Amino acid sequence: DPTLHLARMRLDGAVTEIRMADLAFTELEARTFLDRAGIRLRPGEVATLMERTGGWPAGIRFAAMSLVGRADKAEAIAQLSGADGNVAEYLFAEVLNQQSPAMREVLLRSSIVDTLRPGLLEALTGSPTDRADRLHQADQADHADQAGRRTVDVIARGTAFLLPAPGTSGCYRYQPLFRDLHRAQLACEQPPLVPSLHLAGAGWLAEHGELL
């Protein structure tokens, strides 16, 4: 988000906001794009592609490039990942490497879970007041849960690849291809950390009744 008085501008109707959800392709738009590229997919294959890319136009274009000449389109779509190939190179150079060291560490650590929540974020990345202070200078006197929620919101504003989780309040999910890249990069850079993060995440979820 730009450093503007957005709340006042929203109140005055003086700003139009276009977010990633607005820019994402619909299934019909994805099918049209693929048809024009000479790639014919069955409805179920298009749905899987939309699930893997989140409707991200660049991701769909990369997928189209990988589908050219492939006989088994379903297998090629299933193999589409943000951890290798053109998608990984693009996300690594244009997104991940543009983050500050503190934000980059948060992104990598928090990528091991499917849904990012304020309390769970702190279990994976450190104390809420410390992390919030490093990312957006939160008031040290605020409650931990408030700091954690603000931290999640700051991360969401800092990357277009973190989207609100449907049916939740204050929870987010990484775009699938971006999550692939994060998890692969974390395993490459800090392999001993991965099992301890899984243990911390599982412990937090169990304590909050999220056993499944």
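Residues numbered from 1 in each chain as written. Predicted model: local features only at pLDDT ≥ 70, side-chain atom pairs only at ≥ 80, totals over all residues. Heavy atoms only, no water.

A few words on the nonpolar core. Counting residues in each nonpolar core, the largest one holds 44 residues, and the members touching the most others are Leu 41, Leu 49 and Leu 91. The element contributing the most residues to this core is helix H5 (residues 57-67), with five residues. Contact partners of Leu 41, with chain neighbours within four places excluded, come to Arg 31, Leu 34, Val 46, Leu 49, Leu 67, Lys 73 and Ile 77. (Core = buried A, V, L, I, M, F, W, Y, C linked by side-chain atoms within 4.5 Å. Buried < 20%, exposed > 50% of the residue type's maximum accessible area, 1.4 Å probe, protein only. Helix = DSSP H or I, 4+ residues; strand = E, 2+ residues; numbered from the N terminus. Contact = heavy atoms within 4.5 Å.)

Enumeration according to the criterion identifies 10 salt bridges in this entry. Linking Glu 189 and Arg 104 is a salt bridge whose minimum nitrogen-to-oxygen distance equals 2.8 Å. Of this pair, Glu 189 sits in helix H12 (residues 176-189) while Arg 104 sits in helix H8 (residues 101-110), placing them 85 residues apart in sequence. The partner of Glu 105 in a salt bridge is Arg 109, and the shortest N-O contact between them spans 2.8 Å. A residue pair is termed a helical-turn pair when its members lie 3 or 4 positions apart in one helix, as Glu 105 and Arg 109 do in helix H8 at four residues. (Salt bridge = Lys/Arg side-chain N within 4 Å of Asp/Glu carboxyl O.)

A few words now on the side chain of Gln 175. When you line up the elements, Gln 175 lands in the loop between strand S2 (172-174) and H12. A polar side-chain atom of Gln 175 sits 2.3 Å from the main-chain carbonyl oxygen of Thr 53. Among residues more than four places away in sequence, those in contact with Gln 175 are Met 20, Arg 52, Thr 53, Gly 54, Trp 56 and Phe 161. (Polar contact = N/O pair within 3.5 Å; in protein donor to acceptor, adjacent residues only side chain to side chain.)

All right, on to the packing of helix H3 (residues 27-36) against H5 then. Running from N to C, H3 and H5 point in directions that differ by 35°, and their axes come no closer than 11 Å. As H3 packs across H5, the resulting crossing turns out to be right-handed. Where H3 abuts H5, its residues Ala 30, Phe 33 and Leu 34 lie against Ile 60, Arg 61 and Ala 64. Residue composition of the contact of H3 with H5, by class: five nonpolar, no polar and one charged. (Axes fitted to C-alpha atoms, helices over the stretch in contact; angles between N-to-C directions. Left-handed = near helix turned anticlockwise from the far one by under 90°. Nonpolar A, V, L, I, M, F, W, Y, C, P; charged D, E, K, R; others polar.)

A few words now on helix H7 (residues 85-94). Side chains three or four residues apart in an α-helix point the same way, a direct result of the helix having 3.6 residues per turn. Within H7, burial applies to Val 87, Ala 88 and Leu 91. The arc that holds the buried residues of H7, viewed along the axis, is 95°, so those residues lie on one side. Across from the buried face of H7, at angles greater than 90 degrees, the exposed residues are Glu 89 and Glu 94. In the core, the buried residues of H7 are packed alongside H5 and H12. (Arc of directions from axis to C-beta.)

What follows covers the packing of aromatic side chains. Under the counting rule described, the total for this entry stands at six aromatic pairs. Ring centres 5.8 Å apart and planes at 50° place the aromatic pair Trp 56 and Tyr 90 in the tilted group. Of this pair, Trp 56 sits in the loop between helix H4 (43-53) and H5 while Tyr 90 sits in helix H7; the two residues are 34 residues apart in sequence, bridging distant segments of the chain. By relative accessible area, which is 10% here, Trp 56 ends up buried. When its relative accessible area of 35% is taken as the criterion, Tyr 90 is described as partly exposed. Geometrically, the ring pair formed by Trp 56 and Phe 161 is edge-to-face, given 5.2 Å between the ring centres and 85° between the ring planes. With Trp 56 in the loop between H4 and H5 and Phe 161 in the loop between helix H11 (144-158) and strand S1 (162-164), this residue pair connects regions lying 105 residues apart in the sequence. One aromatic cluster is present, built from ring pairs that chain together Trp 56, Phe 62, Tyr 90, Phe 161, Tyr 174 and Phe 178. (Phe/Tyr/Trp six-rings, centres within 6.5 Å; stacked < 30°, edge-to-face > 60°.)

In short, shape yes, function no, at least from these values alone.
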